[in-house]
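So the chains spell out like this:
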Amino acid sequence: MDVFEAVAEPNRRHLISLLAERERTAGELVDSLPSLTQPAVSRHLRVLRETGLVEVRPDGQRRVYALKPDGLQRIDDWITPYRRFWRDHLDALRQHLENG
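Note that the coordinates shown come from a computational prediction; the quantities given were computed from them, not determined experimentally.

1. As for the sheet that holds strand S1 (residues 24-25)
Part 1 of the argument: Spatial ordering of the open sheet is given by S1-S3-S2, a layout of 3 strands whose pairing is antiparallel. The open sheet is flanked by S1 and strand S2 (54-59), the only strands paired with a single partner.
Part 2 of the argument: Both S2 and strand S3 (residues 62-67) contribute to a ladder of 6 bridges, which runs antiparallel. The partner of Pro58 across the bridge, within S3, is Arg63.
Part 3 of the argument: Here helix H2 (residues 10-21) sits on the sheet in contact with S1, S2 and S3, set at roughly 90° to S3.
Part 4 of the argument: Of the strands in this sheet, S2 and S3 are in contact with helix H4 (residues 38-50), which crosses S2 at around 115°.

Written out as structure tokens, the structure is:
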């Protein structure tokens, strides 16, 4: 699975969003998705690890997950040409609004 397939799944995007705020334990991540079982969340975390989006480290009896910013680089590279599109259109809108 590649990084695009990994982030296509809403529960994995939710986990990425949480990890973008701060690192979290596996238990916290499981608690953040009450509609899923612990094994299901673990499978999502494994996909995120295998695609290089998150890393895990042991902390005593706990496993602590953190976002790997360089894992998102491939997505950022793909989005780069579209940023210009939005910037140009938003600039045109701003000019239109300012000029009445």
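2. Some points on the packing of aromatic side chains
Part 1 of the argument: Within this structure, the stated rule accounts for 2 aromatic pairs.
Part 2 of the argument: Summarising the aromatic geometry, the rings of Trp78 and Tyr82 are spaced 5.2 Å apart at their centres and angled 45° between planes, so their arrangement reads as tilted. Here the residue Trp78 and the residue Tyr82 both occupy positions in helix H5 (residues 73-99), the gap between them amounting to 4 residues, near one helical turn.
Part 3 of the argument: Taken together, the ring pairs in this structure connect Phe4, Trp78 and Tyr82 into an aromatic cluster.

The rules behind each value
- Numbers given for residues are sequential positions, taken from 1 along each chain in its written order.
- Where totals are concerned, whole chains, interfaces and linings use all residues; where local detail is concerned, this predicted model gives features only for residues with pLDDT of at least 70, and gives and counts side-chain atom pairs only at 80 or more.
- To get the side-chain values, take all heavy atoms of the structure and skip hydrogens and water.
- In this scheme, strands are said to pair when DSSP sees at least two bridges between them.
- Each helix is a run of H or I in the DSSP string that is no shorter than four residues. Each strand is a run of E no shorter than two, and both are numbered from the N terminus.
- We call two residues in contact whenever any of their non-hydrogen atoms come within 4.5 Å of each other.
- Comment: axis = line fitted to C-alpha atoms, over the contacting stretch for helices; angle = value between 0 and 180 degrees taken between N-to-C directions.
- For this analysis, a ring pair means two rings from Phe, Tyr or Trp (six-membered ring only for Trp) whose centres lie within 6.5 Å, classed as stacked if their planes differ by under 30 degrees, edge-to-face if by over 60, and tilted for the remaining angles.

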